[in-house]
Amino acid sequence: MDQEFLDLSVRLAVENVAAGGGPFGAVVVRDGTVVATGQNRVTAQNDPTAHAEVQAIRAACAALGTFTLTGTTLYSSCEPCPMCLASSLWARVDRVVFAADRHDAARGGFDDRAFYELFDRPRAEWEVPVQQRRDVNSPAPFDAWLASAQRVDY
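This one's a predicted model, so the numbers in the text were calculated from it and none came from an experiment.

1. Focus: the UniProt feature "domain: CMP/dCMP-type deaminase" (unreviewed entry) in the protein chain
(1) Moving on: UniProt records the feature "domain: CMP/dCMP-type deaminase" (unreviewed entry) for residues 1–113 in the present numbering.
(2) Moving on: End C-alpha to end C-alpha, residues 1–113 measures 28 Å, and it is 46% helix and 23% strand.

So, in structure tokens, the structure goes:
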């Protein structure tokens, strides 16, 4: 069944290109049934986080009424970028299956490979500074979270 859902993700990606979007499609499946699909909407929505996988995860969570997608598989037309991979892990999908890889994406002008390579380097070498500025109040949000009776663990 993997091939059927991979084919769907690729078809969604190709259709999205024809509609003026990016070449990415994704499908969330549970028990052999499509729960949700997503297409890259970055330029259409002026949202750099609107990748196909994130769109599919958001739609699947809405459809299932939960923030966890345990028991699902995410199929993607391309290897998920680090953001999409992290989103998949946070959503607790059971599996991620993809067609094209980061090298195919780089050939198409998408910098997924560059991000993977960046994460392999020490932060001090990054072009964009990512720095901690810790003070006495830094842990306050987590103290409030741990003390909250309404906390929903995830």
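2. What about the pattern of salt bridges?
(1) Moving on: Enumeration over the complete set of coordinates arrives at four salt bridges.
(2) Moving on: One salt bridge connects Glu125 with Arg121, and the closest N-O pair in it is separated by 3.7 Å.
(3) Moving on: Take Glu125: its relative accessible area is 48%, and that puts it in the partly exposed class.
(4) Moving on: Overall, the relative accessible area of 35% leaves Arg121 in the partly exposed class.
(5) Moving on: Linking Asp153 and Arg151 is a salt bridge whose minimum nitrogen-to-oxygen distance equals 2.8 Å.

3. Structural notes on helix H4 (residues 82–91)
(1) Moving on: Residues of H4 that are buried: Pro82, Cys84, Ser88 and Ala91.
(2) Moving on: Of the surrounding secondary structure, the elements contacted by the buried residues of H4 are helix H3 (52–64), strand E3 (72–78), strand E4 (95–100) and helix H6 (112–119).
(3) Moving on: Immediately beyond the C-terminal end of H4, within one or two residues, lies Arg92, with a positive phi of roughly 65°.

Procedures and definitions
- Residues numbered from 1 in each chain as written.
- Predicted model: local features only at pLDDT ≥ 70, side-chain atom pairs only at ≥ 80, totals over all residues.
- Heavy atoms only, no water.
- UniProt positions renumbered as here; feature names shortened; annotations may be inferred.
- Helix = DSSP H or I, 4+ residues; strand = E, 2+ residues; numbered from the N terminus.
- Salt bridge = Lys/Arg side-chain N within 4 Å of Asp/Glu carboxyl O.
- Buried < 20%, exposed > 50% of the residue type's maximum accessible area, 1.4 Å probe, protein only.
- Contact = heavy atoms within 4.5 Å.

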